[in-house]
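Coordinates in review
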Amino acid sequence: MNKNQFRLLVLLSILLCVTNSFFSDRLMRYHYPVKNLNEGWMIYKNDEMVSGTVALNVRTYFHGDNHRGDIIFMERELEDLGDIRFPSVYICNGFTAMEVFLDGEPYKEYDLHNAAAGRYVGWNNHLITLPDDYKGRTLGIKLYVTEEHAMDVVRNIKFGNARDLEHWFVHTYLNPMMLGACLCMLGAILCVISIVFSVVMKRKMINAITNVLCVMLGMITMSYHGIPFLYMDASSCTFLFYALIMVCVGLSYLYVRMLYPPENKKLYLASEIVTWVYSVIRILLHFLQVLSIHEYFDLFLLLVAVCVYHVYRNYRKCREDGNITFTRKLEFVAFVSCSGLMSIFWLSVRLTALGILPDNALLRQIRLILLCLGPMVFLFLQCIDFLWSVSELYSRRVENEDLIRVAYEDVLTKLPNRAQMDRKVRELEEDLADYCVISMDLNDLKKVNDTYGHAQGDELIRTFGSALKAVFAGRGFCCRLGGDEFVAILEGEHIEDADQLIKELKKKMEESNQMSNSPWKCSCACGYAFRQEGKEWHRTYLLADQRMYKSKKEGKENGDFS
């Protein structure tokens with residue numbers, strides 16, 4: 001894949017994500033009207049009215065500075081959406097227990113027992129079914145803030161048919177769900193592959209950390225919306241989101257240190273230790289119910305920035321030293337783009353909470369794209385990195401096979417060479433079974449070389465090698481020792497077939513001579529001996545060799561060949 005193809009693929013992936021995020025909700029068809037209830041509320045905080053503005057956006061207001069023990073009450077009249085079946089309200093709230101009222105009467109309650117016990121309450125999604133006679137009734141929502149500096153205590157409120165709201169939720173968060181699942185599956189599959197091929201794969205530790213990061217990014221993407229874990233309550237899912245981010249940053253420091261050795265090792269090691277200590281302490285404080293894990297989480301962005309800074313410095317140094325490979329470039333782009341995009345996502349959330357950025361549908365879609373785009377780029381580049389590594393592994397394997405073939409194979413005939421025969425002899429010596437050794441010597445090779453040139457001599461050797469392979473294939477081991485010397489070894493049921501195979505070999509050479517227009521004729525002298533005659537390999541081979549020379553001498557005397 002060249003650079004232009006790579007850039008085109010990245011651009012198409014980004015466009016697909018953006019298009020789906022912006023237009024998926026607009027293209028979705030509802031059976032009944034769906035009303036966004038984020039505006040038009042009367043809001044009271046600690047029994048004091050704080051706003052009666054009809055156009056008030058509750059998401060913007062509830063990003064304000066809230067404290068543990070605050071009570072926020074909001075109410076508005078339900079609009080007439082017509083005759084809809086199973087009218088329902090979808091509410092996403094965070095860090096608050098909640099009571100729902102209809103016309104001032106208690107209707108539903110959520111997490112009140114956890115708030116009373118002082119337990120952690122995270123983000124949650126509620127689908128509340130209303131009576132069929134909802135028209136003109138007043139919906140009230142009372143929120144009990146359970147955390148200091150709780151932000152995003154209300155994310156979304158929608159009103160419509162229960163089935164339509166379920167479809168809206170799945171359709172809206174389909175991207176993070178699918179992306180998170182793909183990241184988890186890919187990371188798990190790559191972990192298994194890395195374990196299976198750990199002997200031959202390079203950079204085992206770096207691959208292991210990358211695969212773990214891939215799984216964690218998938219879980220972060222899903223846990224932010226509280227959607228992946230069917231057997232985990234919403235508060236645990238929210239805790240998992242923050243804890244995984246902390247662990248990911250710690251692993252990122254380890255990953256960067258192994259990939260790009262830092263210039264200032266002491267400073268980098270200090271940053272890494274601070275990150276791990278900070279993460280462990282925050283998690284312990286959360287379990288001890290001293291400080292919730294999401295409080296003062298913005299400080300964690302500084303540790304991310306320090307890690308990215310070290311990555312840039314170390315990458316730049318490696319590039320100046322000329323120590324940058326294609327794999328390292330991919331890993332650099334994957335790490336920086338993923339951490340950068342997710343940091344921008346979190347920064348936009350905080351700026352919205354402080355009122356610096358407006359809170360509208362466009363910015364919410366952009367934040368969703370940023371949350372998905374960072375892990376998606378990481379996933380995409382890791383797939384390319386994995387395919388590149390596999391291709392390199394395959395290339396090395398082919399190269400090794402070529403080297404082995406060169407080491408144990410004769411170049412001209414493609415028969416096993418002397419080294420391969422030595423291995424075969426060692427196997428025979430370890431066994432007590434009988435075998436037959438056939439020594440063969442190609443006739444007139446020197447004369448052909450001197451008269452017609454070495455090219456014709458090589459052709460004579462190749463012709464004889466082809467005849468050997470045709471006759472002995474599946475019936476015995478044959479090899480070229482060098483020059484005009486060849487050896488065949490018969491074992492098992494073929495041990496008594498020496499005479500027959502020699503006749504077939506001579507017949508095969510005669511057929512080749514008749515079909516060839518070469519000025520020379522292919523022929524050979526043969527002699528064989530059995531193990532029981534020589535007792536050990538060297539003596540058995542010498543005996544077969546003596547019989548071959550005797551046959552060669554008799555052939556010359558009888559005029560069988562010149």
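Description of the structure in this document. Everything numeric in this text was worked out from a predicted model, so none of it was measured. Every chain's residues receive numbers from 1 upward, in the order its sequence appears when written. Note on the predicted model: pLDDT of at least 70 is required for a residue's local features to be given, and 80 or more for side-chain atom pairs to be given and counted; whole-chain, interface and lining totals, by contrast, use all residues. Computation of side-chain values: all heavy atoms of the structure, hydrogens and water removed.

Some remarks on the sheet that holds strand 10 (residues 154-161)
Should DSSP find at least two bridges between two strands, the strands are regarded as paired. Runs of E in the DSSP output that reach at least two residues are strands. Runs of H or I that reach at least four are helices, and both are numbered from the N terminus. Spatial ordering of the open sheet is given by 1-10-5-8, a layout of 4 strands whose pairing is antiparallel. On the outer flanks of this sheet lie strand 1 (35-36) and strand 8 (123-129), each paired with one strand and no other. Here strand 5 (residues 87-94) pairs with strand 10 via 7 bridges, running antiparallel. Paired with asparagine 93 across the strands is valine 154, a residue of strand 10. Running at roughly 140° to strand 10, helix 4 (residues 162-172) makes contact with strand 5, strand 8 and strand 10 of the sheet. In this analysis, two residues are considered to be in contact whenever any of their non-hydrogen atoms come within 4.5 Å of each other. Under this scheme, a helix contributes an axis fitted over its contacting stretch, all axes are lines through C-alpha atoms, and angles between N-to-C directions fall in the 0 to 180 degree range.

Here's the deal with empty space enclosed by the protein
Method remark: on a 1 Å grid restricted to protein atoms, a set of points is classed as a cavity if a 1.4 Å probe fits but cannot get out and as a pocket if it is open with protein on both sides within 12 Å along at least five of seven lines; lining residues have an atom within 4 Å of a point. Grid points are joined across faces, edges and corners, and a volume is the space filled by probe spheres set on the points. The full count for this structure, using the stated rule, is 3 cavities of 30 Å³ or more. By volume, the largest cavity amounts to about 400 Å³. Looking at the largest cavity, it is lined by 22 residues, and the ones nearest its centre are Ile245, Cys248, Val249, Ser339 and Met342. Contributing elements (two or more residues each) for the lining of the largest cavity: helix 6 (204-223), helix 7 (234-259), helix 9 (300-320) and helix 10 (326-353). With 7 residues, the single largest contributor to the lining of the largest cavity is helix 10.

Examining the nonpolar core
For the purposes of this section, nonpolar cores are sets of buried Ala, Val, Leu, Ile, Met, Phe, Trp, Tyr and Cys residues that join through side-chain atoms within 4.5 Å. Remark: exposure states derive from per-residue accessible area (1.4 Å probe, protein chains only) relative to the maximum for the residue type, with buried under 20%, exposed over 50%, and partly exposed in between. Within the largest apolar cluster, 72 residues are counted, with the highest numbers of intra-cluster contacts made by Phe241, Tyr242, Ile293 and Phe300. Ranked by the residues each element gives to this core, the list is headed by helix 7, at 16 residues. Counting 29 residues, the second largest nonpolar core, distinct from the first, contains Cys436, Cys478, Leu501 and Met509.

A short note on helix 13 (residues 445-452)
Among the residues making up helix 13, those that are buried are Leu445, Val448 and Asn449. Buried residues of helix 13, viewed axially, fall in a sector of 100°; they line one side. Counted as exposed and oriented over 90 degrees from the buried face of helix 13: Lys446, Asp450 and Thr451. Contacts made by the buried residues of helix 13 are with strand 11 (435-442) and helix 14 (454-472). Two residues or fewer after helix 13 comes glycine 453, characterised by a positive phi angle close to 100°. Regarding the arc, it is the one traced by the directions from the helix axis to the C-beta atoms.

A look at the packing of helix 7 against helix 8 (residues 265-287)
Where helix 7 contacts helix 8, the axes come no closer than 10 Å and their chain directions differ by 165°. The orientation of helix 7 with respect to helix 8, classified from their angle, is roughly antiparallel. With respect to the hand of their crossing, helix 7 and helix 8 are arranged in left-handed fashion. Judged by residue contacts, Phe239, Ala243, Met246, Val247, Val249, Gly250, Leu251, Ser252, Tyr253, Leu254, Val256 and Arg257 of helix 7 engage Tyr268, Ser271, Glu272, Thr275, Trp276, Ser279, Arg282, Ile283, His286 and Phe287 from helix 8. Note on residue classes: Ala, Val, Leu, Ile, Met, Phe, Trp, Tyr, Cys and Pro are nonpolar, Asp, Glu, Lys and Arg are charged, and everything else, Gly too, is polar. Residue composition of the contact of helix 7 with helix 8, grouped by class: 13 nonpolar, 6 polar and 3 charged. Working rule for angles: under 35 degrees goes down as roughly parallel, over 145 as roughly antiparallel, 65 to 115 as roughly perpendicular, anything else as oblique. Note: crossing handedness is left-handed where the near helix turns anticlockwise from the far helix by less than a right angle, and right-handed where it turns clockwise.

Observations concerning a nonpolar patch on the surface
Each patch is built from residues that are more than 30% exposed by relative accessible area and take part in no salt bridge. Like charges join if they lie within 9 Å; nonpolar side chains (Val, Leu, Ile, Met, Phe, Trp, Tyr) join within 5 Å. Exposure was quantified through the Shrake-Rupley algorithm and a 1.4 Å probe, taking into account, for residues, occlusion by the shown protein chains and nothing else. One side-chain nitrogen of Lys or Arg within 4 Å of one carboxyl oxygen of Asp or Glu is enough to make a salt bridge. Side chains of Leu269, Ile273, Val277 and Ile281 sit close together on the surface and give an oily, nonpolar patch of about 330 Å² of accessible area. Among the secondary structure elements, isoleucine 281 is positioned in helix 8. Of the residues examined, isoleucine 281 reaches a relative accessible area of 42% and is grouped as partly exposed.

Section: the sheet that holds strand 13 (residues 485-491)
One open sheet accounts for 4 strands, arranged 12-13-11-14; its pairing is antiparallel. The sheet is open, and its two edges are formed by strand 12 (477-482) and strand 14 (524-530), each paired on a single side. Taking the axes of each pair of neighbouring strands and ignoring which way they run, one obtains an average angle of 20° across the sheet. Here strand 11 runs beside strand 13; their pairing, made up of 7 bridges, is antiparallel. Following the sheet pairing, isoleucine 438 is matched in strand 13 by alanine 488. Lying on the sheet, helix 14 is in contact with strand 11, strand 12, strand 13 and strand 14; it crosses strand 11 at an angle near 155°.

So far we have only geometry, and geometry alone does not tell us how the molecule works.
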